[in-house]
Amino acid sequence: MKQRLSNIELLRIISMLMILALHVNFFLLGSPSKAEINLSPIGATVRTFLEFVCIVAVNVFVLISGWFGINVKKKGLLSFLYQILFFYLGVYIIFVIIGEKPFNLNGIEEAFFLKKTGWFIKSYLCLYFLSPVLNMFVEKATERQLKLVLISFFAFQSLYGWLYPDATKYFAGGYSAISFIGLYLLARYIRLYGKDFKIFNLKPQHDLLIFFVICLLETIFFVIFRINNLAFVSILWIYSSPFVIISALYLLLCFSKIEITSTSINKIAKSSFSAYLFHSSFCIMPFYKQIAWSIYRNHSSIVCLLLMFLFIVAVYLLATLIDQLRIFTWKQIDKQK
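Residues numbered from 1 in each chain as written. Predicted model: local features only at pLDDT ≥ 70, side-chain atom pairs only at ≥ 80, totals over all residues. Heavy atoms only, no water.

## Topic: the overall build of the protein
Consideration 1: Counting its regular elements, the protein contains 16 helices and 0 strands.
Consideration 2: Taking 337 residues into account, the globule formula puts the C-alpha radius of gyration at 20 Å, and the protein, at 20 Å, falls close to it.
Consideration 3: Structurally, the protein occupies a C-alpha span of about 55 × 50 × 45 Å along its principal axes.
Consideration 4: Among the 337 residues that make up the protein, the fraction classed as buried is 47%.
Consideration 5: Carbon and sulfur atoms make up 69% of the accessible area of the protein, which totals about 17,300 Å².
Consideration 6: Across the protein, the centroid of the 31 positively charged side chains sits 4 Å from that of the 15 negatively charged ones. (Helix = DSSP H or I, 4+ residues; strand = E, 2+ residues; numbered from the N terminus. Rg over C-alpha atoms; globule rule 2.2 N^0.38 Å. Buried < 20%, exposed > 50% of the residue type's maximum accessible area, 1.4 Å probe, protein only. Areas by Shrake-Rupley, 256 points an atom, 1.4 Å probe, with all protein chains shown as cover. Lys, Arg positive; Asp, Glu negative; His and termini not counted. Charge placed at Lys NZ, Arg CZ, Asp CG, Glu CD.)

What follows is the structure, encoded as structure tokens:
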């Protein structure tokens, strides 16, 4: 039996590692200030470049869903919800048992992501529930209709959800289900009709080059804006930025054109989302930030980058290992049905 390609699965793994990296960069340390750039221009520029390389991760993850299309089934939905509760509720229960967290209403609300935490889970679940309608629209609409919808949507989002993010709240800088819907439809369109456009049929190395050039340009803009105290700097790294969306798309296109087959990659990729759930848990995140901050504070330059990379990979592998227990227990539950 021919082994299925692992190219997009590899990208799924990389995008999750990027998310882990995001949470030890601007999220933890803040964006480089004018003083930091003046004091350490190379270090600040490298940190900024890495942020723009990694900021595409969330969009890539959603684009992958659109690339393949979400096939809503009861079993798949229950499995997805079980994975979420396994990490969010399960970790909380363990922390209560060992005395690290009190058992109270606030903890229960956090475990069921009823607070501001877990925004991605809520936005993605909304996309998941709406995907049958989106799939039906893609199936029934003509190529021209779908293209016009996408042009209208991203033009509107670029104005009210990027250039003027305070003009409306429902785009939330790309942290919303409505932005996910746009990304989902964009990926479906490229998958179905992209072959008719030369710009989407470049060599994979050219796609990768476009990705890095955009990241480099964003870095240059950031440094210029920050040094000159321009307010526009804050809109450069939000998910609704056209630069972030285009760079994410070209990273997906790059991996869609290469051929990799690996059973290990396919298996590890099945647990990719567990890395997000594990480290973003309200119980684990404080420790994650504390360790990352310790690495940043006690080491410099190349050593810091190397240790941070090893830390991120270790967290990813630990989450993957823990997820094997989730997979095993879900199989036992599923057998009882």
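Right, picking up where we left off after that structure.
## Topic: the state of the cysteines
Consideration 1: Within the structure shown, the criterion is met by 0 disulfides.
Consideration 2: Between C54, a free cysteine, and C215, which holds the nearest cysteine sulfur, the sulfur-to-sulfur gap is 8.8 Å.
Consideration 3: Owing to a relative accessible area of 12%, C54 belongs among the buried residues under this scheme. (Disulfide = S-S within 2.5 Å.)

## Examining unusual backbone geometry
Consideration 1: Although it is not a glycine, A172 adopts a positive phi angle of roughly 50°.
Consideration 2: Within the secondary structure layout, A172 lies in the loop between α9 (143-163) and α10 (177-193).
Consideration 3: Residue classification places A172 among the partly exposed positions, given a relative accessible area of 37%.

## Looking at the packing of aromatic side chains
Consideration 1: The tally for this structure, following the rule as stated, stands at 44 aromatic pairs.
Consideration 2: For the pair F87 and F278, a centre-to-centre distance of 6.5 Å together with 70° between the ring planes defines the contact as edge-to-face. Placement of the pair is F87 in helix α6 (residues 74-97) and F278 in helix α14 (residues 272-280), with a sequence separation of 191 residues.
Consideration 3: Under the relative-accessibility criterion, F87 is labelled buried at 1%.
Consideration 4: Classification of F278 by relative accessible area gives buried; the value is 10%.
Consideration 5: Between W162 and F243 the ring centres are 6.0 Å apart and the planes differ by 70°, which places this aromatic pair in the edge-to-face class. (Phe/Tyr/Trp six-rings, centres within 6.5 Å; stacked < 30°, edge-to-face > 60°.)

## With respect to the side chain of S79
Consideration 1: With respect to the helices and strands, S79 occurs in helix α6.
Consideration 2: Note on S79: relative accessible area 18%, which makes it buried.
Consideration 3: If near-sequence neighbours (up to four positions away) are discounted, S79 is found in contact with R326 and W330. (Contact = heavy atoms within 4.5 Å.)

## Re the pattern of salt bridges
Pairs can form between side chains of opposite charge whenever their charged atoms are close.
Consideration 1: This model, assessed by the stated rule, comprises 7 salt bridges.
Consideration 2: Among the salt bridges present, the one from K75 reaches D334, with a minimum N-O distance of 3.2 Å. Of this pair, K75 sits in helix α6 while D334 sits in helix α16 (residues 301-335), placing them 259 residues apart in sequence.
Consideration 3: With relative accessibility at 23%, the residue D334 sits in the partly exposed group.
Consideration 4: With a shortest N-O distance of 2.7 Å, K257 and D207 are connected by a salt bridge. Taken together, the residues K257 in the loop between α12 (242-256) and α13 (263-269) and D207 in helix α11 (residues 204-227) connect sequence positions 50 residues apart.
Consideration 5: Residue K257 is classed as partly exposed on the basis of its relative accessible area of 28%.
Consideration 6: Judged by its relative accessible area of 0%, D207 is buried. (Salt bridge = Lys/Arg side-chain N within 4 Å of Asp/Glu carboxyl O.)

## Considering a nonpolar patch on the surface
Consideration 1: A cluster of nonpolar residues, L209, V213, L216, L217, I220, F221, I224 and F243, forms a patch on the protein surface that exposes about 660 Å² of accessible area.
Consideration 2: The topology assignment puts L216 in helix α11. (Patch = residues over 30% accessible without salt bridge, like charges linked within 9 Å, V, L, I, M, F, W, Y side chains within 5 Å.)

## Examining the packing of α9 against α12
Consideration 1: Between α9 and α12, the shortest axis-to-axis distance is 10 Å and the interhelical angle comes to 130°. Comparing the axis directions of α9 and α12 gives the class oblique. Where α9 abuts α12, its residues F154, Q157, S158 and W162 lie against P242, F243 and I245.
Consideration 2: Taken together, the residues of the contact of α9 with α12 break down into 5 nonpolar, 2 polar and no charged. (Axes fitted to C-alpha atoms, helices over the stretch in contact; angles between N-to-C directions. Parallel < 35°, antiparallel > 145°, perpendicular 65-115°, else oblique. Nonpolar A, V, L, I, M, F, W, Y, C, P; charged D, E, K, R; others polar.)

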